Amino acid sequence: MPDVDTGHRITGTVNGAAYDEVVDDRMTLADFLREKLRLTGTHLGCEHGVCGACTVIVDGAASRSCLMLAVQADGTEIETVEVLAEDGELNRLQAAFKKNHALQCGFCTSGFLMSVTAAMREGAIRDEGHAREVLSGNICRCTGYTGLVKAVLEAGE
Ligand code: FES
Ligand code: FES
């Protein structure tokens, strides 16, 4: 637990719930979500901005939570993968991932879901090329991309 003199107090919302916490200045947003708020659906892979596993949505924009400090998120609205399910049921995008075998081990999945969610809010996914562009910021090491593309196209219909 950081000393209040060496950290900063931050407030905001995560998945619509308000928080008010004191964090160490060097704590990443990913560690804040996972360790302070126990939202462990956000995963850490490379921890240097390459793989996309840590992607969350900050004020509407898909963001690498491993590259952002928790103090930089002060006053923002954050969404994590935990917000997607609706009344305990998979939402349309999650269901499309399941149906189209868009995951195997699932480690990368939350990051993909949040990247795609942010992109779909900006407009419809037009075609396969667009789907691949939307997926291109995230890396999956084990399932291949065919199912991911199918899932994004199906969810975007
Ligand atoms: Fe953040 Fe890989 S863990 S981009
Ligand atoms: Fe295993 Fe993507 S499903 S890394």
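Since we're looking at a predicted model, the values are computed, not measured.

Cut-offs applied
Residues numbered from 1 in each chain as written. Chains lettered and ligands numbered in written order. Predicted model: local features only at pLDDT ≥ 70, side-chain atom pairs only at ≥ 80, totals over all residues. Heavy atoms only, no water. Phe/Tyr/Trp six-rings, centres within 6.5 Å; stacked < 30°, edge-to-face > 60°. Helix = DSSP H or I, 4+ residues; strand = E, 2+ residues; numbered from the N terminus. Salt bridge = Lys/Arg side-chain N within 4 Å of Asp/Glu carboxyl O. Buried < 20%, exposed > 50% of the residue type's maximum accessible area, 1.4 Å probe, protein only. 1 Å grid on protein atoms, 1.4 Å probe; cavity = no way out; pocket = protein on both sides within 12 Å on 5 of 7 lines; lining within 4 Å. Points joined across faces, edges and corners; volume = space filled by probe spheres on them. Nonpolar A, V, L, I, M, F, W, Y, C, P; charged D, E, K, R; others polar. Pairing = 2+ DSSP bridges. Polar contact = N/O pair within 3.5 Å; in protein donor to acceptor, adjacent residues only side chain to side chain.

Undergrad: I would appreciate a short explanation of the packing of aromatic side chains in the present structure.
TA: The way to describe two aromatic rings as a pair is by their centre distance and the angle between their planes. Enumeration over the complete set of coordinates arrives at two aromatic pairs. Consider the rings of F112 and Y145, whose centres lie 6.4 Å apart with planes at 70°: the pair is edge-to-face. Here Y145 lies in the loop between α4 (128-135) and α5 (146-155) and F112 lies in helix α3 (residues 109-122), a separation of 33 residues in the sequence.

Undergrad: I'm lost on the pattern of salt bridges in this one. Help?
TA: Think of it this way: side chains of opposite charge can pair up when their charged atoms draw near. Inspection of every chain in the model, using the stated rule, returns six salt bridges. Residue K99 pairs with E154 through a salt bridge whose shortest N-O separation is 3.1 Å. Taken together, the residues K99 in helix α2 (residues 92-99) and E154 in helix α5 connect sequence positions 55 residues apart. A residue is classified by how much of its surface remains accessible, and K99, at 54% relative accessible area, is exposed. For E154, a relative accessible area of 22% puts it in the partly exposed group. Residue E128 is joined to R132 by a salt bridge in which the shortest nitrogen-to-oxygen separation is 2.9 Å. You can see E128 and its partner R132 sitting in helix α4, four residues apart, about one turn around the helix. Under the relative-accessibility criterion, E128 is labelled partly exposed at 41%. For R132, a relative accessible area of 38% puts it in the partly exposed group.

Undergrad: Looking at this structure, I do not really get the layout of surface pockets. What am I missing?
TA: In this approach, a probe sized like a water molecule rolls over the atoms, and the result shows the empty space that is left. Roughly 170 Å³ of internal volume is contained in the largest pocket. G45, C46, C51, A53, C105, F107, C108, I139, C140, R141 and C142 are the residues that line the largest pocket. Counted by class, the lining of the largest pocket contains nine nonpolar, one polar and one charged residues.

Undergrad: What am I meant to see in the pairing of strand β1 (residues 7-14) here?
TA: Where a strand is regular, its side chains alternate between the two sheet faces. As judged from the eight bridges shared by β1 and strand β2 (residues 17-24), these two strands associate in the antiparallel manner. Bridge assignment links G12 to a residue of β2, and that residue is Y19. Between β1 and β2, which pair antiparallel one after the other, the connecting turn spans two residues, and N15 there sits at a positive phi close to 55°. Where β1 and strand β5 (residues 77-79) come together, two bridges link them in parallel fashion. In the strand pairing of β5, V14 is matched with I78.

Undergrad: Looking at this model, I keep getting lost on the side chain of N91. Mind explaining?
TA: Within the element layout of this structure, N91 appears in the loop between β5 and α2. Here the side chain of N91 touches L84 through a polar contact of 3.5 Å, landing on its backbone oxygen.

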